[in-house]
Amino acid sequence: MDMTDPKDPSPRAKPPFAALALALVQGLLLWALSESVEAARWPATDPRAMLPVTLLLLMLPLTLQLLWPFVGRRLLQGALALGALFVGAAGALFGAAHRSPTAPGDVGEMVGGFVLPLIVAWVLAMPLLKLRLTSGRWTAPYPLLFDLTWRGALTLAEAALFTGLFWATIGLTAALFNMLGTDAVGEFVTDPRFAFPATTLVGTAAIHLVGASAGMVDGLLRQLLNLLKWLLPLAGIVVVAFSLALLPALPTLFAEGRKVIEVVWLLWLVALTVLLVNAAWQTGERPPGYGRPIEQALRCVPPLLLVVAATATYSIVLRVATAGLTPSRWWGLVAAAVAFAYAAGYTLAAWSRGAWFARIGRVNVAIAVALLAVLLASLTPLADPLRLSVDSQARRAITATDDRVRDGALRFLARDAGGAGLARLGELERLPDAAGGSAALRAAVLRARRAGDSRGQRFEDWLVRIDAVPAGAALEPGLVGALRAAHAAD
């Protein structure tokens, strides 16, 4: 199987069996990692080790498989080493900062606060790295970057689909044998010793099979883009209609300082429109084929999209100003800033001289590089959203004149900020009056500590701490059920 990409001038450095061997080793290491989770031993017991080890085992081999034709290049080897060092150090710091006696190993927090931003950064960096490996330059023509980006996305999508269908076939086989009273097949395929290596081997084989069919990928890519572009006129109508309906509400929004719609839907509208504009524009080498009237009408969409993005940005900034910063609001600010940048850049591109939507390529590259820098900074102490949020909420607690505002800020530190929040609570508790401390602040810190004690505990462990009156009295089943529901919601 020839894995040489016609757009990648370098010959294959290693044969595919080496890639399969790497996939087998990856699967076995993932199995060993799952065993550490099952047995509750290191590294599973230490978030400082578990997070970076898991990410490195998943991302490094995948990156190498996708860039296999360049595996012998020093640039790729150096990039992999630098990336591994970054993920290891940043993951260890994140695990240490977010580890808390009351909520150890919060998976959702780690996925949303570290894993997803890292994946987005990886998605942005991969085409740029492959562009440099392919052309020898960081500033190669935009059509090549566009093609590499979309082909990489299609390769991953097809490999994931192939792997999913493999497991669907395996699951069907197990179900059929189970109907005959044979459980051995199902037990074998669900055994982690088979499941992990099989998944990595099949996924790797799929990546290489797709890479060997570059012509088919190109055909599928063009078909997909030519199909998506016909949704742009519909999206344009939606943007125009929604913007015209939004404009009358804006004076109330700015005058009363409140939001008129959920920010997430505004951002999704911007993201969808940007995707469809790119599907229509593609590389800018030829017009989209709508006809001059529609193409001219579509130039009016980006300015109205700018109104939508500005509204979203204002809403999230207002929320941060009134309720303080949290990690989720930090990522909301980043998303809103990116949406505003796209809308502003596309407005300039739409009304610039020359071809239809000229200069979109420059806007895309500039925003991608800027977003990559922000994401990488956010995964380090330089712009750690948790650190910034702890600082923001601590300032709110010190300067608050309203008990509800102070309690809300301290509740975040006690329950949602991990070890860093608990450490800051201790600092606030010892804060002298001359530096902003007060009896009211210390009393509020004590309340926040008590409220946070129940977070992360099993319901049964929490229930035994309740003092019944009279002593020793049994709680009614209905009350126990209500307490259980309240504890789960809490």
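Peer 1: So what exactly am I meant to see when it comes to the environment of Leu85 here?
Peer 2: Tracing the backbone shows Leu85 in helix H3 (residues 74-98). Given the relative accessible area of 58%, Leu85 is considered exposed. In this structure the C-alpha to C-alpha distance between Leu85 and Leu56, which are 29 residues apart in sequence, comes to 9.6 Å.

Peer 1: When you look at the confidence of the model for the protein chain in this model, what are you seeing that I'm missing?
Peer 2: Should pLDDT be low for a region, the predicted coordinates there are not to be read in detail. On average, residues of the protein chain score 84 in pLDDT, and 85% of them are at 70 or above. Of the regions scoring below 50 in pLDDT, residues 1-15 engages in 41 contacts with residues more than four places distant in sequence or in other chains. Every residue in residues 100-105 scores below 50 in pLDDT, and together they form nine contacts with partners more than four places removed in sequence or on other chains.

Peer 1: Can you help me understand the environment of Arg193 in this one?
Peer 2: With respect to the element layout, Arg193 can be found in helix H7 (residues 192-211). Classification of Arg193 as exposed rests on a relative accessible area of 56%. Counting along the chain gives 162 residues from Arg193 to Trp31, while the straight-line C-alpha distance between them is 6.1 Å. Among the polar contacts made by the side chain of Arg193, one reaches the side chain of Asp191 at a distance of 2.7 Å.

Peer 1: How should empty space enclosed by the protein be read in this particular structure?
Peer 2: Sizing a probe to match a water molecule and rolling it over the atoms shows the empty space that remains. Here the structure, examined in full by the defined rule, presents one cavity of 30 Å³ or more. The calculated volume of the largest cavity comes to roughly 40 Å³. Taken together, Leu232, Val277, Leu298, Val301, Pro302, Trp356 and Phe357 make up the full set of residues lining the largest cavity. Residue classes in the lining of the largest cavity are distributed as seven nonpolar, no polar and no charged.

Peer 1: In this structure, what is going on with the layout of surface pockets? I would like to understand it.
Peer 2: Put simply, the second largest pocket is a space of about 830 Å³. In terms of lining residues, the second largest pocket is bounded by 32 residues, among which Ala121, Ala125, Met126, Leu129 and Leu372 are the most central. Elements that contribute at least two residues to the lining of the second largest pocket include exactly helix H2 (47-66), H3, helix H4 (107-135), helix H5 (142-179) and helix H15 (360-378). Residue classes in the lining of the second largest pocket are distributed as 27 nonpolar, four polar and one charged.

Peer 1: Looking at this structure, I do not really get the packing of aromatic side chains. What am I missing?
Peer 2: Geometrically, a pair of aromatic rings is defined through the distance of the ring centres and the angle of the planes. By the definition in use, this model includes 11 aromatic pairs. Ring centres 5.4 Å apart and planes at 75° place the aromatic pair Phe166 and Trp167 in the edge-to-face group. The class of Phe166 is partly exposed, set by a relative accessible area of 23%. For Trp167, a relative accessible area of 25% gives the class partly exposed. Ring plane angle 80° and centroid distance 6.1 Å describe the contact between Trp167 and Phe194, whose orientation is recorded as edge-to-face.

Peer 1: Please clarify how the nonpolar core should be interpreted in this entry.
Peer 2: In this structure, Leu232, Val270, Tyr346, Trp356, Phe357 and Ile360 are the most contacted members of the largest nonpolar core, which totals 63 residues. Taken together, the elements giving at least two residues each to this core come down to H4, H5, helix H8 (214-228), helix H9 (232-246), helix H11 (263-281), helix H13 (301-323), helix H14 (327-350) and H15. Non-local contacts of Ile360, meaning those with residues more than four positions away in its chain, are made with Val277, Asn278, Trp281, Tyr346 and Ala349. Judged by nonpolar contacts, the second largest core, of 27 residues, contains Leu67, Phe70, Val71 and Leu80.

Peer 1: What is the right way to read the packing of H14 against H15 from this model?
Peer 2: Packed helices, taken two at a time, are described by the angle their axes make and the gap between the axes. At a minimum axis separation of 9 Å, H14 and H15 run at an interaxial angle of 165°. Taken together, the axes of H14 and H15 are roughly antiparallel relative to one another. At the point where H14 passes H15, the crossing takes the right-handed sense. Every residue of H15 that contacts H14 at Trp330, Trp331, Val334, Val338, Ala341, Tyr342, Gly345, Tyr346 and Ala349 is listed here: Ile360, Val363, Asn364, Ile367, Leu371, Val374, Leu375 and Ser378. Partitioning the contact of H14 with H15 into residue classes produces 14 nonpolar, three polar and no charged.

Peer 1: Would you mind showing me how to read the side chain of Glu295 here?
Peer 2: Structurally, the position occupied by Glu295 is in helix H12 (residues 292-298). Buried charged residue Glu295 carries no salt bridge. Nearest counter-charge: Arg292, at 6.3 Å. Among the polar contacts listed, one links the side chain of Glu295 to the backbone nitrogen of Gly289, at a separation of 3.5 Å. Once you skip the residues sitting within four places of it in the chain, Glu295 turns out to touch Pro287, Pro288, Gly289, Tyr290 and Trp356.

Parameters and conventions
- Residues numbered from 1 in each chain as written.
- Predicted model: local features only at pLDDT ≥ 70, side-chain atom pairs only at ≥ 80, totals over all residues.
- Heavy atoms only, no water.
- Helix = DSSP H or I, 4+ residues; strand = E, 2+ residues; numbered from the N terminus.
- Buried < 20%, exposed > 50% of the residue type's maximum accessible area, 1.4 Å probe, protein only.
- pLDDT = per-residue confidence, 0-100.
- Contact = heavy atoms within 4.5 Å.
- Polar contact = N/O pair within 3.5 Å; in protein donor to acceptor, adjacent residues only side chain to side chain.
- 1 Å grid on protein atoms, 1.4 Å probe; cavity = no way out; pocket = protein on both sides within 12 Å on 5 of 7 lines; lining within 4 Å.
- Points joined across faces, edges and corners; volume = space filled by probe spheres on them.
- Nonpolar A, V, L, I, M, F, W, Y, C, P; charged D, E, K, R; others polar.
- Phe/Tyr/Trp six-rings, centres within 6.5 Å; stacked < 30°, edge-to-face > 60°.
- Core = buried A, V, L, I, M, F, W, Y, C linked by side-chain atoms within 4.5 Å.
- Axes fitted to C-alpha atoms, helices over the stretch in contact; angles between N-to-C directions.
- Parallel < 35°, antiparallel > 145°, perpendicular 65-115°, else oblique.
- Left-handed = near helix turned anticlockwise from the far one by under 90°.
- Lys, Arg positive; Asp, Glu negative; His and termini not counted.
- Salt bridge = Lys/Arg side-chain N within 4 Å of Asp/Glu carboxyl O.

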